[in-house]
Amino acid sequence: SRGSKDRVRAVKCGVLQYAPPATYWVNAGGSNGERATAMKRYVAKAEDAVVGVVEERLGAAGYRVRLHGTLPGLLPLLAFEGATQRTKPRLEVGDAVYCRVEAAPGFGMEPTLSCVAVCGPRKGWETGEATFGALTGTGALFQCSSLAAAESLRQHHHPVLDALDGEGVPFEIVIGDNGIVWVSTETAHMTIAVQNAVQNGLAIAALPDGSEKLARATIAAMVKDIVGKVKAMQAGAAHGAAADGGD
C-alpha cells in the first residue's frame, strides 16, 4: 500500500488483514502470507530461481530481464560464474536466461538478478555447465497457467515427465519460480512436441474430479501420440534424405 497524509491506498489485490492494536496489511499470498501460487502474476522474492527473457541491454549496467511478473529484473554484466571485465557472456535481446533473484527490495523497485549460485556446483559460465546462465539450443519458452502448475512439475515422478521418459525422449527442462518453463530437445520439431505435451499434461492433471491413475493413463496416451507423430515424421524425412543421397 501507499500512503498520502492520513490516507492509505492499496496497490495490490488481496485480503485485508488486521493485527491489534492498529496494524493493517494486504495479504496477496496464501493463508501463510507467502506468494500466491494460484496467481498468474509473479512477484519476485529473494532466492527465487526464475526464467526470463532479455528485453533490453543497458550498457555497463547489464541487462533488463522480463520475468512475466509485476516488474522486470536487473542482471548486472558480471553477475555470472567466473565472469570478469575481459571474459563475460554477451546476451542479446530475446535471449532466455535462468537466474536467481539476489535481492527483491519491493516498493516498485526492480529486483536484482544473478547467475551466480550460492550453493551446489560452481562451474564457470564459459563451460556451459553452470547452474544459472543463458539457455541455449533448440529451446522453447512457455508460461504456465498458474504458479501452482509450474511448481507441480517439480514433484517427484510428475505424470507428463514420466511419460516423456517412457517414450525415450531426451530433453532438458528448466522450471522457474515465476511460472515460466523452458524445454529443449535435439530438434526443433521434438522441442515443440515436448512443449505441447507438457502443457497438455498440466491441463489434464488439473481437471477436477479425476483420479490420479486415470490422469496418468490419459497423459501417457497423449504423450505417446504426440511423440509418435514427430518420430514418424523424422523417420520419413531421414528415409527421404537417404534415398536422395543414393541417386
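What you see is a predicted model, and the numbers here were worked out from it, not measured in a lab.

**Focus: the packing of helix H2 (residues 159–166) against helix H3 (residues 188–205)**
Then, number 1: Running from N to C, H2 and H3 point in directions that differ by 145°, and their axes come no closer than 9 Å. The interaxial crossing formed by H2 with H3 has right-handed handedness. On H3, the residues touching Val160, Leu161 and Leu164 of H2 are Val194, Ala197, Val198 and Gly201.
Then, number 2: A breakdown of the residues in the contact of H2 with H3 according to their chemical character gives 6 nonpolar, 1 polar and no charged.

**A short note on the side chain of Ser114**
Then, number 1: Positionally, Ser114 belongs in strand E9 (residues 112–114).
Then, number 2: At 3.0 Å, the side chain of Ser114 forms a polar contact with the backbone nitrogen of Val116.
Then, number 3: Among residues more than four places away in sequence, those in contact with Ser114 are Leu75, Ala79, Cys99, Arg100 and Glu102.

**Regarding unusual backbone geometry**
Then, number 1: Look at Glu47: it is not a glycine, yet its phi comes out positive at around 75°.
Then, number 2: As for its position among the elements, Glu47 is in the loop between strand E4 (23–27) and strand E5 (49–57).
Then, number 3: Despite not being glycine, His157 shows a phi value in the positive range, around 60°.
Then, number 4: Tracing the backbone through its elements, the reader meets His157 in the loop between helix H1 (147–152) and H2.

**As for the sheet that holds strand E13 (residues 180–184)**
Then, number 1: If you trace the 3 strands from one edge of the open sheet to the other, you get E11-E13-E12, paired in antiparallel fashion. The strands lining the two open edges of the sheet, one partner per strand, are strand E11 (139–143) and strand E12 (172–175). In this sheet, neighbouring strand axes are inclined to one another by 15° on average, regardless of whether the strands run parallel or antiparallel.
Then, number 2: Judged from the 4 bridges that link them, E12 and E13 form a sheet pairing that is antiparallel. What sits directly across from Val174, in E13, is Trp182.
Then, number 3: Sheet strands touched by H3: E11 and E13. Its angle to E11, the strand with the most contacts, is close to 25°.

**Thoughts on the layout of surface pockets**
Then, number 1: Of the voids in this model, the second largest pocket is the one considered here, and its volume is about 400 Å³.
Then, number 2: The wall of the second largest pocket is formed by 16 residues, among which Gly128, Ala130, Phe132, Gly133 and Ala134 lie closest to the centre.
Then, number 3: In terms of residues, the lining of the second largest pocket owes the most to one element, strand E10 (residues 133–135), which gives 3 residues.
Then, number 4: Tallied by class, residues from the lining of the second largest pocket come to 10 nonpolar, 4 polar and 2 charged.

What counts, and where the lines are drawn
Residues numbered from 1 in each chain as written. Predicted model: local features only at pLDDT ≥ 70, side-chain atom pairs only at ≥ 80, totals over all residues. Heavy atoms only, no water. Axes fitted to C-alpha atoms, helices over the stretch in contact; angles between N-to-C directions. Helix = DSSP H or I, 4+ residues; strand = E, 2+ residues; numbered from the N terminus. Left-handed = near helix turned anticlockwise from the far one by under 90°. Contact = heavy atoms within 4.5 Å. Nonpolar A, V, L, I, M, F, W, Y, C, P; charged D, E, K, R; others polar. Polar contact = N/O pair within 3.5 Å; in protein donor to acceptor, adjacent residues only side chain to side chain. Pairing = 2+ DSSP bridges. 1 Å grid on protein atoms, 1.4 Å probe; cavity = no way out; pocket = protein on both sides within 12 Å on 5 of 7 lines; lining within 4 Å. Points joined across faces, edges and corners; volume = space filled by probe spheres on them.

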